[in-house]
Amino acid sequence: MASVRSEGEKAPGPLWSEPGTLLEHVSIAVFAIDEDDRVCYWGPGAQDLFGHDAAAVLSQPAGVLFADPPRGAPDASAQLAERGRMLGYWRGRLRARHRDGADFDCGFRVFPVTGAGGRSVVMALASRSDELDRVKTNLAFLDALFETCPIGLVMLDEELRYVHLNQALADMDGLPIEEHLGRPMEEIMITSDGGEYQRMLRAVAAGGRHVVGALVGVRTPGHPDRDQVRSVSLFPLSGAVGSHPGVGGLLVDVTDREQAIMEATAGRQRLALLDRAAASIGTTLDVDVTARELVAAAVPDFSDASVVEVVEWMDEPEVFNPQLPLVTRRIASGTVLPPPATELVSGLETVTYPTGSAIHRMLQTGRPVTVLVNDEFMTRTVIHQARAQLLRDSGIVGMIIAPLIARGTVQGLTMFGRSAARPAFTDDDLSLAGELASRAALCLDNARLYSRVQDIALTLQRALLPSAPATSPYVEVAHRYLPGSHITEVGGDWYDVINLSGDRVALVVGDVMGHGVPAAASMGRLRLTAKALARHNQEPDDLLAELDACAQEAGIELATCLYIVYDPATGRARIASAGHPPALVRHPDGTVETISEVLGIPLGVGGHRFRTIEITLPEGAVLALYTDGLIEARGKDIEVGLAAVRAELRGASGELEETADRMLASLLPDPPDDDTVLVLARVRRTPRNQRG
């Protein structure tokens, strides 16, 4: 039997294998020795093994096939023939000799055969020992592999039915080996991938495609309640050992590894979400903005929907009472789910939760809770049937409700909802929700406290500003006070219009440096002091000197003030300034004059004298007094702002009220960066009611 290996092919390694039958793996020589110890049969395999053709060896002594025996030892061919006749079957190894003279180890199997006429011959099967060793090693390796390998091994036929598998795969499937054999693989490895795994198997069986390390999620009849992830490698099988083509495979259960990877990935995602939340929540001291930032941080990375609700206690020391219904105000919401989820999260402003609701349970413990959106939750937590139906139709199946508690005060609550398309909330998700809520609660409390202080300061400031400035038939006044945006605190800007004796009118504008309640209180003190001093007919510079002393006594470190007294009898105006932006005068011909000759030192500095200047104001001239909020802006030069005010004033030929509104709308950003006061005063020499 000739070997299939060509002459130019390299010798195989110790674990070499090739397609074909077992005899094709090893060169087999068949020959026979007669009773005279001569070669009487010579098969083609014998010629390949020993190198002799039949004509050269037939009828020749069999000793030509063997190496020379040691001195005194019997001839190897005689020993082989004798053992075959005496034992009936013998196998062993002897040193053989090739026609070219090279000796080699050879394995023999011999047995006697009786032919016609009673003649007996010894048949011999011979193969090179190294080739026999290789085959035995391969077979031993394969046996050991299937017996002891911890990796699942499988052989499938063309119809993808189990032909052979090892115990490791049987244990992985939870079924004995016998229950696999002959069954289609899809009956054992049940997937939910729409048939993708089966298509992959067929592609390997049909086209010779190889698959390495594909991850497949499966369940098996032996473990029906356990999801597995397997790393699958597949390769095509040729017709080895006479079998039909099929598929070979190696399968490793990597469920724990994949679970660990998923958990590590989820952990990194949670940390990343917390990092983003820390950077994005609380960027302003605005309660509504902070709530929207919390929702934006959660949706869609953490949940499909989220709402934030605050509790507006009637009394500051009031605490949560689990025996009473809870009323909240929804201030932020968001969802990525289709309708009606949008209406569900944003369709209410005020929400009432009955006693015994999941909200009450959560606030009693002070810790976030996970709830299933089921009939029990609907009955105990959702009052209105229409809202309950919206929740059912929204697709949300699970929620985390977390309290917003900071500094011992219940601020409100936040909810995170997920649909069935996402994994259910885990304990790690519950911890993450608690972290998000805790972060947001502190920011909300800061915003709430700031808003309260802001409201107090604004209320105080408005109370200290003139509610109805004095009117005069000689001076037409339009005044505006515009507080800064919520981003900045209330400032100390103020103004006043004061009637003096002799039909004179005093115009005052001031600005206390700083913000908040202290600035508002200082502003009120200076305004009231200035009003009292003005009624004593003091000169502008003397009045500012008194205000400076008052500021020093009150600890007001820096404030500006512009004080103007207009006398309609003379048409003259006396002006003094304590470091305040200069007044502007619009003449009837449209030209605008800047009164910058008197700037002075701010109040509260002390040690400097103030001075008064006098100017003549023509009939119908308009004085413009303002604070620095009108001309100063981030990134803009003050001279640019002053030029813009002059340009606006130059075109002011109509009613002062309209002019004031137009100037503020044109000159200030929306919302304004700082508090701003604008006072426009049109002066007359004769009373308005006497003009024709």
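This one's a predicted model, so the numbers in the text were calculated from it and none came from an experiment.

**Considering unusual backbone geometry**
(1) Moving on: The residue after valine 299, namely proline 300, is reached through a cis peptide bond having omega 5°.
(2) Moving on: Assignment of secondary structure puts proline 300 in the loop between helix 10 (287-298) and strand 12 (305-310).
(3) Moving on: Despite not being glycine, leucine 160 has its phi angle at roughly 60°, a positive value.
(4) Moving on: Following the sequence through the fold, leucine 160 ends up in the loop between strand 6 (152-156) and strand 7 (162-165).
(5) Moving on: The phi dihedral of asparagine 537 is positive, around 60°, even though this residue is not glycine.
(6) Moving on: When its relative accessible area of 41% is taken as the criterion, asparagine 537 is described as partly exposed.

**Looking at the sheet that holds strand 27 (residues 676-683)**
(1) Moving on: Pairing within the open sheet is antiparallel, and its five strands lie in the order 18-27-26-23-24. At either margin of the open sheet sits one strand with a lone partner, and together these are strand 18 (475-482) and strand 24 (592-595). Neighbour to neighbour, the strand axes of the sheet diverge by 20° on average, direction disregarded.
(2) Moving on: Pairing of strand 18 with strand 27 involves eight bridges; the strand directions are antiparallel. Of the residues in strand 27, the one forming a bridge with valine 477 is alanine 681.
(3) Moving on: Sitting on the sheet, helix 18 (residues 638-650) is in contact with strand 23 (583-586), strand 24, strand 26 (622-626) and strand 27, with an inclination near 25° to strand 23.
(4) Moving on: Helix-sheet contacts for helix 19 (residues 656-667) involve strand 18, strand 26 and strand 27, and the interaxial angle to strand 27 is about 150°.

**Structural notes on the confidence of the model for the protein**
(1) Moving on: Averaged over all residues, the pLDDT of the protein is 84; the fraction at 70 or higher stands at 89%.
(2) Moving on: This stretch, residues 1-23, has a pLDDT under 50; its non-local contacts, to residues over four places away or in other chains, come to 33 contacts.

**Some remarks on the sheet that holds strand 19 (residues 492-499)**
(1) Moving on: With antiparallel pairing, five strands are arranged side by side in an open sheet as 19-20-21-22-25. The open sheet is flanked by strand 19 and strand 25 (613-616), the only strands paired with a single partner. Direction aside, neighbouring strands of the sheet carry axes that sit 15° apart on average.
(2) Moving on: Alignment of strand 21 (residues 559-567) against strand 22 (residues 572-578), held across seven bridges, turns out to be antiparallel. Opposite tyrosine 566, over in strand 22, you have alanine 573 as the bridge partner.
(3) Moving on: Packing against the sheet, helix 17 (residues 540-554) makes contact with strand 21 and strand 22, and its axis sits at approximately 25° to strand 22.

**Some details on the packing of aromatic side chains**
(1) Moving on: Under the criterion given, the structure shown has seven aromatic pairs.
(2) Moving on: Ring geometry for phenylalanine 66 and phenylalanine 108: centres 5.3 Å apart, planes at 35°, overall tilted. In this pair, phenylalanine 66 sits in the loop between helix 3 (54-57) and helix 4 (76-87) while phenylalanine 108 sits in strand 4 (residues 103-114), placing the two residues 42 residues apart along the sequence.
(3) Moving on: When the centroid spacing of 5.6 Å and the interplanar angle of 45° are considered together, the rings of phenylalanine 302 and phenylalanine 425 count as tilted. With phenylalanine 302 in the loop between helix 10 and strand 12 and phenylalanine 425 in the loop between strand 17 (409-419) and helix 15 (427-464), this pair connects stretches of sequence that are 123 residues apart.
(4) Moving on: Relative accessible area serves as the criterion here: at 2%, phenylalanine 302 is assigned to the buried category.

Thresholds, definitions, all that
Residues numbered from 1 in each chain as written. Predicted model: local features only at pLDDT ≥ 70, side-chain atom pairs only at ≥ 80, totals over all residues. Heavy atoms only, no water. Helix = DSSP H or I, 4+ residues; strand = E, 2+ residues; numbered from the N terminus. Buried < 20%, exposed > 50% of the residue type's maximum accessible area, 1.4 Å probe, protein only. Pairing = 2+ DSSP bridges. Axes fitted to C-alpha atoms, helices over the stretch in contact; angles between N-to-C directions. Contact = heavy atoms within 4.5 Å. pLDDT = per-residue confidence, 0-100. Phe/Tyr/Trp six-rings, centres within 6.5 Å; stacked < 30°, edge-to-face > 60°.

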